Amino acid sequence: MNDFKTLNAAADNIRILAASMVEKAKSGHPGGAMGGADFINVLFTEFLVHDPDNPAWSNRDRFFLDPGHMSPMLYATLALTGKYEMNELAQFRQWGSPTPGHPEVDVRRGVENTSGPLGQGHTMGVGAAIAERFLAARFGEWLSHKTYAFISDGGIQEEISQGAGRLAGYLGLSNYILFYDSNGVQLSTKTEAVTVEDTAKKYESWGWNVISIDGNNAQQIREALTQAHAETRRPTIIIGKTIMGKGAVKDDGSNYEGQTATHGMPLGEAGASFEKTIENLGGNPAAPFCIFPEVEALYANRADELRKIVTEKYAVQENWEKENPALAAKWEQFFSEKIPNINFAAIEQKPDQATRTASATILGVLAKQIENMIVASADLANSDKTDGFLKNTHAFKNGDFSGAFLQAGVCELTMATVMNGIALHGGLICACGTFFVFSDYMKPAVRLAALQQLPVKYIWTHDAFRVGEDGPTHQPVEQEAQIRLMEQLKNHHGKNSMLVLRPADVVETTVAWKLALENTDTPTGLILSRQNIKNLPANSGNRYQEALQSEKGAYIVQKAESPDVILVANGSEVATLVEAAVLLSERNRLNVQIVSAPSEGLFFNQAADYQQEVIPANTPVFGLTAGLPSTLARLVGKNGTVQGLGHFGFSAPFKVLDEKFGFTAETVYRNIIRFLGK
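S.K.: Explain helix H1 (residues 4-25) to me, please; I cannot follow it from the model alone.
M.R.: In an α-helix, one turn spans 3.6 residues; hence positions three or four apart end up facing the same way. The terminal C-alpha atoms of H1, which comprises 22 residues, lie 32 Å apart, in line with the 32 Å expected from a rise of 1.5 Å per residue. H1 sits mainly inside the fold: 17 of its 22 residues count as buried. Among the residues of H1, the N-terminal cap falls to aspartate 3, whose side-chain oxygen and the backbone nitrogen of lysine 5 are separated by 3.2 Å. Looking one or two residues beyond H1, the residue adopting positive phi is lysine 26, at roughly 65°.

Encoded structure:
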């Protein structure tokens, strides 16, 4: 057991490093990091189990930081474990540095999640805890491990905390331990200026184990974590009352703790004295980037302890593998990121159905063939047709993770963020569904999935104004244009940050799911129809083989040797173009080439000669979309035109809306003729 004098010295060392990083960068957030140092120090030196020599060990405890602005605290602590060098801390927030202003996932360095937007970090932790319970239900408790998360006043206030707290409590995630750094200070005010909430009662009402302590007292932190480890039925929140800017003093040595200014600016700019503060904490302001000898020994001793702990755990796993070879092979397959060899070509789709229905058919197959897949829905399983998966499994319940479906409830952002946490944990494939219009709620999590390069699958149904009678609040118009921007945005590896697919019929939906599962390094969005869509013609006699061309983003559905016009669309609008093309041929003798473009991102990744073959330059191009015209702007080019919807929808049957908005074959035909000047 570590003595408190050494533990306090280590916490002060973290405070010194955190304050120094911000001071040198001339930007950042030192106050919260200084207040939270005691908890993270006790956690890392006495409780968090990880392999010092194998950071990616699958059964490690996870630590999810929610307030990304407190990254100096995390980097400083990880430096004590040997994951960062002092010169790397000194380059905090600088170009090319491994210590960005808000943490970016890097398991090798001990950073489990990208954080910044408050609330998402601890919610991803809930996802990781679900993943651990899912795996334990299938392979046994030998793999059990904890998920810890750290949240601040801001994260508690973010609405997503409601969803995370409700879900974790309902599911009884006793493997999840959340520390609430309650210092009463936020960026521009004290918390008392914005809330009178009783956080303890709130979490108690969700079924949590609630422990309140002095968050700067190492003994109380140790006792609280010990109690949390003993809890077997409920998640635990440790509410730690901490001091913002703990240890900060002014030039005259007087106390400067608890000041709002220290939240978001260097100590020297906030009214404190950086030099006097470093001295007060036992450091040398002339050379603050150093580790105290006793602190170095503390963390070295912990590393030795951990090596003994994980050696025993590896031995347990090795014995389990020898006794359970079939399960061991399955375990290896789960973490290989490979999917079973699914014969998509053999999947029978009933023709002329809604693409959401086609998706349900695929999900029914996946539920039987992919044992490490979790699907969730935000209270819409029977509408977004994720029930195709649910019908072949059952939903998670409190203490029961033998199923593979998460009934998330009405919380789209929470659901999407939980999926990110499941993906970050590893070993699992995850997908979640809701109406496409509610992708608006999910966008912050989708963006973080793209930043973290997580292969989450989004099932977005009811894809256009054809939702009909539900009216404009449920009819996406601008959503496709918004989400397709993610296809144009590159991630840090130079790839499209997201794959977005809007299939044109049931067979394209099969191929879309194939592409989604094969995409293992970025998120995928599947945009699916509520209404039935006619199958596209199979010119070769094999519609599936033709639809496989979707892997190039856009392909020719109807070819013309010397086309007079190119017609481009995705989703249900492609079938409308097929009908309009018949009229163009019969009435005007025009040669028409029709292109289905489920993913513009993939299409613009193709070679120029392929793009030229599909959409030839110097040929008139007419695009049709049920969304904003800008959705197809890149595809039609500067000399083309797009018929889209430039206004919100209305409440009426979808066929009436098609008529009123001009999305019939006859009206589209006339618009094409007008565009061509015929």
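Anyway, onward from the coordinates.
S.K.: Explain empty space enclosed by the protein to me, please; I cannot follow it from the model alone.
M.R.: Empty space among the atoms can be located by rolling a probe the size of a water molecule over them. Taken as a whole, this structure holds three cavities of 30 Å³ or more when the rule is applied. The volume enclosed by the largest cavity comes to roughly 130 Å³. The residue makeup of the lining of the largest cavity, split by class, is six nonpolar, three polar and four charged. Empty space within the second largest cavity amounts to approximately 50 Å³. What lines the second largest cavity is Phe436, Asp463, Ala464, Pro476, Val477, Gln479, Glu480, Arg502, Ala626 and Gly627. Of the residues contributing to the lining of the second largest cavity, the split by class is five nonpolar, two polar and three charged.

S.K.: When you look at the packing of helix H5 (residues 120-139) against helix H14 (residues 325-334) in this model, what are you seeing that I'm missing?
M.R.: The relative placement of two packed helices comes down to the angle between their axes together with the axis-to-axis distance. Put simply, H5 and H14 touch, their axes get as near as 11 Å, and they point 160° apart. Taken together, the axis directions place H5 and H14 in an arrangement best described as roughly antiparallel. Between H5 and H14 lies a crossing of right-handed hand. Seen from H5, the contacting residues are Leu135, Arg138 and Phe139; seen from H14, they are Leu327, Lys330, Trp331 and Phe334. For the contact of H5 with H14, the residue count by class is five nonpolar, no polar and two charged.

S.K.: Would you mind showing me how to read unusual backbone geometry here?
M.R.: Peptide bonds are trans in most cases, and residues, glycine excluded, mostly fall at negative phi. Phi is positive for aspartate 352, which is not a glycine, with a value near 60°. By the element assignment, aspartate 352 lies in the loop between H14 and helix H15 (355-369). Assessed through its relative accessible area of 37%, aspartate 352 is described here as partly exposed. With a phi angle near 55°, glutamine 453 is a residue other than glycine that sits in the positive phi range. Locating glutamine 453 in the fold gives a position in the loop between helix H18 (439-452) and strand E9 (457-461). For glutamine 453, a relative accessible area of 21% corresponds to the partly exposed category.

S.K.: Would you mind showing me how to read the layout of surface pockets here?
M.R.: Taken as a whole, the largest pocket encloses approximately 930 Å³ of empty space. Taken together, 35 residues make up the lining of the largest pocket; nearest its centre are Glu337, Ala423, Gln452, Gln453 and Leu454. Secondary-structure elements contributing two or more residues to the lining of the largest pocket are helix H17 (412-425), strand E8 (429-435) and H18. Per-element accounting of the lining of the largest pocket gives the leading share, three residues, to H17.

S.K.: It is not clear to me how the side chain of threonine 99 should be interpreted in this structure. Could you clarify?
M.R.: Take threonine 99: it is sitting in the loop between helix H4 (86-89) and H5. A polar contact of 2.9 Å, which involves the side chain of threonine 99, links it to the backbone oxygen of glutamate 88. Of note is the side chain of threonine 99, whose polar atom sits 2.6 Å from the side chain of serine 97. Sequence-distant contacts of threonine 99, defined by excluding residues within four places in its chain, comprise Tyr75, Tyr84, Glu88, Leu89, Gln91, Phe92 and Arg93.

Calculation criteria
Residues numbered from 1 in each chain as written. Predicted model: local features only at pLDDT ≥ 70, side-chain atom pairs only at ≥ 80, totals over all residues. Heavy atoms only, no water. Helix = DSSP H or I, 4+ residues; strand = E, 2+ residues; numbered from the N terminus. Expected span 1.5 Å × (residues − 1). Buried < 20%, exposed > 50% of the residue type's maximum accessible area, 1.4 Å probe, protein only. Polar contact = N/O pair within 3.5 Å; in protein donor to acceptor, adjacent residues only side chain to side chain. 1 Å grid on protein atoms, 1.4 Å probe; cavity = no way out; pocket = protein on both sides within 12 Å on 5 of 7 lines; lining within 4 Å. Points joined across faces, edges and corners; volume = space filled by probe spheres on them. Nonpolar A, V, L, I, M, F, W, Y, C, P; charged D, E, K, R; others polar. Axes fitted to C-alpha atoms, helices over the stretch in contact; angles between N-to-C directions. Parallel < 35°, antiparallel > 145°, perpendicular 65-115°, else oblique. Left-handed = near helix turned anticlockwise from the far one by under 90°. Contact = heavy atoms within 4.5 Å.

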